Each structure stands twice: as C-alpha cells, then as structure tokens.
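Descriptive structure summary
What follows is the residue order along each chain.
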Amino acid sequence: LPMAFRDVNARRHIGLQQLSSFALAGRTLLGPMKSCKFIVDESTNQSTLICSAVRLIESLDLTSAAGQLLNEAIQAQNKDFKTGMSTLLFLVGAWSNAVLECFQQNVPVSAIVSVMSEGLNSCCERVQCLQISMHGVNKELCSSSVRPNAFKSKPFQTGHDNLLNPEILLYFQKDTSTPEEVISINSCSHQEDDCNSNKSLVSPLAGFGSIASLVKPAGDKSASLISGSDVTTSSCNKRKLTHSRYFSTLGKSHFSSQQGNSQGYLSGRSADPCECCCLGHLAMALSHGNQTSTKLLQSLVAYQQERAECSGSSQFGIAEIVTCCLLGLPESYSCVSPGFVTLVSPEQATVIKYFEDKPLRFLLMDGDLTEQYRHLGFNRPCNVRTILEHPGLQEGRAVDLWLSSMLDILISFEVNLVLVKGNVCENLMEGCIANGILVIGSVTRDVLRAFGEVTSAQPVTYLTQLNASCVGSGARVELWKACDGRAMDLGELVPVKIEVQGIPLLTAVLTTTVASKMQLIEDQFWTSVYRLHHALNDDKVFLGGGAVELLCLSHIQMLAEQPLQPANKNAVKEFHNPWLAASATEYKSVVLQALASGWKQYLSVVMCNTAKAASELEACTSIDHHLKKAADCGSPSAYILKEFSRGDLLSTDSGPFADHGEGFKVYDNVTAKTEAWRRALDLVLLVLQTDAEIITGPKRNQLLNSHVSSEFMFL
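Here the structure is a predicted model, which means the values were calculated and not measured.

Membership of the largest hydrophobic core comes to 116 residues, with the highest contact counts inside it found for Ile112, Met116, Leu532 and Tyr667. Two domains each provide a minimum of three residues to this core, namely domain 1 (3-132 + 542-566 + 573-652 + 660-709) and domain 2 (318-377 + 396-539). Counting 29 residues, the second largest nonpolar core, distinct from the first, contains Leu364, Leu417, Val477 and Ile503.

Written out as structure tokens, the structure reads:
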C-alpha cells in the first residue's frame, strides 16, 4: 500500500468515533415506539422526559468539533422540517462505523467519499417509485376508511376498459381465511409481449402520480449513477401480470390527475366531508401511532375546514396554530380552542374578571416594553455626553418619569389590553394592573399578525409612536374553560382566552400532571403538525413502515454485486500502481456494502424497538428473508409495494411497523427523509476528510485524493 494509506489507517479517526458515540445514545429514540429518556439538570436537580434527538443533543456535552457539527446538522433539520432528527442521528452513527470498517480494509478516503455520495444519490432516485401523490393518498385513505371492503367483491372482466386500480395497488384486502394469492405472476418468454403489457398498464397509472414509475417498458432502464448498474425499475422484462381478483371496470376518469397541495384539501370548492376525513386519516398515517397528537391535529383540521367553507380560505395554516401548556390537568383535558389561549398571573386574572363579555381596545407591540429597549439598528447620537451629579438618583427619577408617561399614554387612548412580543417591565405591569389594563408578554409574531389582520391594528415599537389608527377594538378576554365547562385556576398561572371576531388562530391546549413530560408532549404535537404540513407542501408521501429503507438496501446490494466497468481502457493501462487497478472493483463493493449496512442497522433497530423482533439477529434474519424474496421476484419495488399493501412488510407476525389495525397505512415525508439521509452522510464525509487532513496533512491528503481519482473512476 502507499505510505499515505497506511498513515490514515494506522491512526485513530477520533471525529468518526465521537460521532458514533453520540449517536449510540439515541438508538432508543428511533421508530414509532420510542423509549423515552430522563435528562437531569445537575444545577437544579430537575428532570425532563425527552423523546427526540434535538432534546438529547441539547443535553449532551458537545464541546468537540465533531459534536458541534453534529449539533448544527440536527438543529438545521429541526429548523427546516421538525422531523427526521432521530433518523439523521442514527445514520450518522451507523455510517461512521461503516467508514471505520472501510479503513480496516484499507479503502482510501477518495473511494469512500465518491462511492458513498454516488450511492446515496442513486438510492434517492431509485426510491422515487415509492412516492405517492396526495391525490392518490386521498383516494386510498377515503376508500380504505369509508369503504374498506368496496373492492372485495368486484369481478374480473376482460376488455380494454379493464384497468389496474391504483387504490388496490395500495390496498389489498387482508383475508387470512383463504390462502389465495393476491397476484399471480407467470414467466414471460417474449419481450414484445412485455412491452405491450406495459403499455396497457402505464396509461391508467399515469394519473396516479409517481406510482406509474413502477411499470416501465422492458427496454427502459433506470439511469444509474454507478457505472455498469443498468437497473431496471420493473420486472416486466422477465415476468408478466396475467390476472388478479382485484381488477375492476372503472373508467380512466377515475384516475384523472388532480395535483393537490395544502390549498386543495381545505378549499371551500368541495362540500364533501370526506376530504376533511381523509386529511385527518393522513395525519394519523403520518403520526406513526401518536394518538394524542393525532386527535388534536384532526380537531385542527376540522376547525380549519369549517372556516374554509365559510370564508373561502384554502390553506392548512400552520402559522395559525399555537400551543398553550397547562401543568396540573390530566392529559384527557387536552383540546383545541379557537382564539389565543395563554397563561397569566393571578393578579392579571383579577383584571380579566372585569373584562368578561365586554369588547376591549387593544394594542400590539413589536418589541420589549421596557425603558432600556431600543430596536435593532438603533444608533445613539454621536458627540453627546451626559453628566449626572447623582447617577443613582437621576436614573431612578428617569425610570419613574418613563413609567408615568407610558401609563398616561395607555390611559389616554383607553387601551384595555396590550400584547407584547418581548419582555415587559415589572413595574409597568403592576401599574397597568392597578389601572385595569392587561399586559401580556412573550406573544409570538404570528399571533400579533393574526390580531392585526382581522382588526387593522398596526403594531408599534414604542408607545410614543401610538396613535388612534394603531389601536384595535373588539377583543374579548375570558378565563379559559376546560371541556367540562369549568374555569381553571392552577394556582401560580391562570389560563385565559383572547378572541376577536374572525380571527383564524387556533390554540392546542396541552395538559399533563407530570411536569417532566410537558416538553415531550409539545414536541410530539409539533412533529405531527409539521409532518402533515410538509406532506401537503411536497404533494406526495413515501410508503412508510420501512419500505423505503428496504428498497434502498436492496438497491445498494444489487449495485455492489455488479462488476465494475472502468471509464476507459487507457485509464486502466496508465495506472502507476497495478494494485489500485486490481482493487477498483473491491473498493466499490466494500464501500457500497458499508453504505447498505446503515439502512440494515436502521431497520433492525426499529424492528427491535417496536417489538417486531426479539433481537437484532432475528430482525436481520427477517430483513435478509425479504431481500431474498425481493430479488427472486425480479422487481424489488413491486415486491415491497405488494407486501406493504398486505401488511406483511418487515414483520415477524403480521402488519408493518406501526400497523394498528386493518386498513391502517403508514406514510413518511419525502423531503424530510431524504434530507436527513443527505445531511447524515455529508456530516460523516466532512468529519472523515477533516480527520484525514489532520492525520496526513492537507497537502498530502489532497495529493492522495487527486492521485486516486485521476487514475480510475469508481462510478
């Protein structure tokens, strides 16, 4: 081996080992059945129950460079999607270990980087066949929930109008009493017959989004980024679908393409309550079994659907949703309340009692309500010097003067309610309570915007800017009442509800009697909300329950088994080191197998966490069994789709990972999942290259990479 190779492999890659160690702490957070962790604050001795990678990373000591990069990657994923962080964390650890294993086999850095990057890109293209358009999901969920047996008795008929129903492609009636095969596949000996069969199937599926990509002409081969792969995305060159008891005579108009988005499902153009129902079922399918969050999300959808029919608003408004956490009530009291629900002190609650059933004049403040507050970009006057004989006395008088002037302004404009984005001066708060004025701080910008839009009230930065046009009217404040109609007084804090006619705000009131569990409940709720939001924005979802990861694993293993085809013969002849040319195929196979090991570990850990397997060995055996059957089928995507529909995917008994009943489907977000993969691999490769530069030096590592890359192409 070249000396540089030996230097890299002889020394320890501390960064990769640190990533693996950090990720190990989050194994139990993977999958729908997570095992929560208690995080104890040593300074306060208070414990918090967590169930997300974000909270875990916030609690770990990440002083190292690798830890900081891991934190940045997870925070970026959380900021963009609010989901996929546990997947990112786990794959970072799995692929870090895989890279370390590659070093044990003397694979150079450049080979690892190039093959893994191209392998992941190839997987992201391959799994597009498991994407389902929202139009198709809507029809599937409605049919399976409203008419679960609608297609069971439909006879098979011959003729050109006989179309393969995409709904049945995703929903096969589960019948354990009859061993009849759902689909019968016979060998096909004529290539021409395959093409004709494909043409008859592509037409009805074309309106069903990307599911049509499962069926391609026999001569159409998927473009692979890895040379020599030539992967065919369907098995039609070998097998032919001859009959099925689930064919129907529905016309092509049944599959007309109606590309939906977040506007389409809540629009007032359709009075069919099935759309709201199906959107609620989609929320359930994306929540992966979190029933509490699902019920709240379904209530939010119902409220927004009702408003859409009245006002014509057509969006699933995530900005119109806020949360209020109430500690001391059972979780069964969690509900959705129209308007803005927040917590105030008992002293403020005494003011509210005088306001009930009375319209109030209110003010919106975009900043802090303190004497020292200055807006961003404020420049103090130059060449001005203030000299005070008695600084303490003068400053006290200045504060008193400011408090007096602020109260005078509020009283002169007859303001009863002030909503402040930032902090509020305690002395001013006390003065406002004494004068019957309710001031609420830490109000989000979305809440201020909602109040401003329905009342034309204009936010101000300083009270001195206040004029008559900035003051809104018509607000009503009352003590929040639970589902049983009783007003809640929780001692230290009192929940109140603020409403204005026509305001679109909805508050998810989250309750629990366990203080350490409150953060967990709120995180789970927002995860469910953003999963639905991203599904509607993407206008498509992935099949869930491990289907996508299983296809990635099958695809990568197939690529690893294919022989390498060099870019050109001259490149092979010009190798300075014959060992490099002879080992090119070995590099590709070893690195791709290492990449595949990440998804295999992912599937096995999820199966263990969900009690679908007693051990990782049993889980891996089940995964290998499905991989073999998928390979024997000739089309792994078709096999996975069939097993997903039957509920037999990656299960030791029956049902997918989160199958909680007959007809229940599990879906995943498309963009959030693939971005979690990319961020995980990018982080691992970044730390890998950084470690290599530290060990060998930047110039030497760059020379090594260019030497290997110029002599042969792995992909």
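Right, let's get into the side chain of Ser516. Summarising the element assignment, Ser516 is placed in the loop between strand E14 (506-512) and helix H16 (518-538). Judged by its relative accessible area of 12%, Ser516 is buried. Ignoring sequence-local partners within four residues, the contact set of Ser516 consists of Phe38, Ser47, Thr48 and Leu49.

Let's shift gears to helix H15 (residues 445-455). Buried within H15 we find Val447, Leu448, Ala450, Phe451, Gly452 and Thr455. Against strand E6 (321-327), strand E8 (340-344), strand E9 (360-365), strand E10 (417-420), strand E12 (472-479) and strand E13 (494-499) lie the buried residues of H15. Residue Ser456 follows H15 closely and has a positive phi angle near 65°.

With that out of the way, let us pick up the pattern of salt bridges. Per the counting criterion, the structure on display carries 16 salt bridges. The salt bridge partner of Arg445 is Asp366, with a shortest N-O separation of 3.5 Å. Taken as a pair, Arg445 in helix H15 and Asp366 in the loop between E9 and helix H13 (391-412) lie far apart in primary sequence, 79 residues in all. Take Asp366: its relative accessible area is 28%, and that puts it in the partly exposed class. Between Lys673 and Glu549 there is a salt bridge, with the nearest N and O atoms lying 2.6 Å from each other.

Right, let's get into the sheet that holds E6. In space, the three strands of this open sheet follow the order E6-E14-E7, with mixed pairing throughout. Only two strands of the sheet have a single partner each, and these edge strands are E6 and strand E7 (335-338). Ignoring strand direction, the axes of neighbouring strands in this sheet form an average angle of 30°. Sheet topology places E6 next to E14; seven bridges connect them, and they run parallel. Bridging from a neighbouring strand, Thr323 pairs with Ala508 of E14. Packed onto the sheet, H16 meets E6 and E14 and runs at close to 160° relative to E6.

Definitions and limits used
- Residues numbered from 1 in each chain as written.
- Predicted model: local features only at pLDDT ≥ 70, side-chain atom pairs only at ≥ 80, totals over all residues.
- Heavy atoms only, no water.
- Core = buried A, V, L, I, M, F, W, Y, C linked by side-chain atoms within 4.5 Å.
- Buried < 20%, exposed > 50% of the residue type's maximum accessible area, 1.4 Å probe, protein only.
- Domains from an automatic or database assignment.
- Helix = DSSP H or I, 4+ residues; strand = E, 2+ residues; numbered from the N terminus.
- Contact = heavy atoms within 4.5 Å.
- Salt bridge = Lys/Arg side-chain N within 4 Å of Asp/Glu carboxyl O.
- Pairing = 2+ DSSP bridges.
- Axes fitted to C-alpha atoms, helices over the stretch in contact; angles between N-to-C directions.

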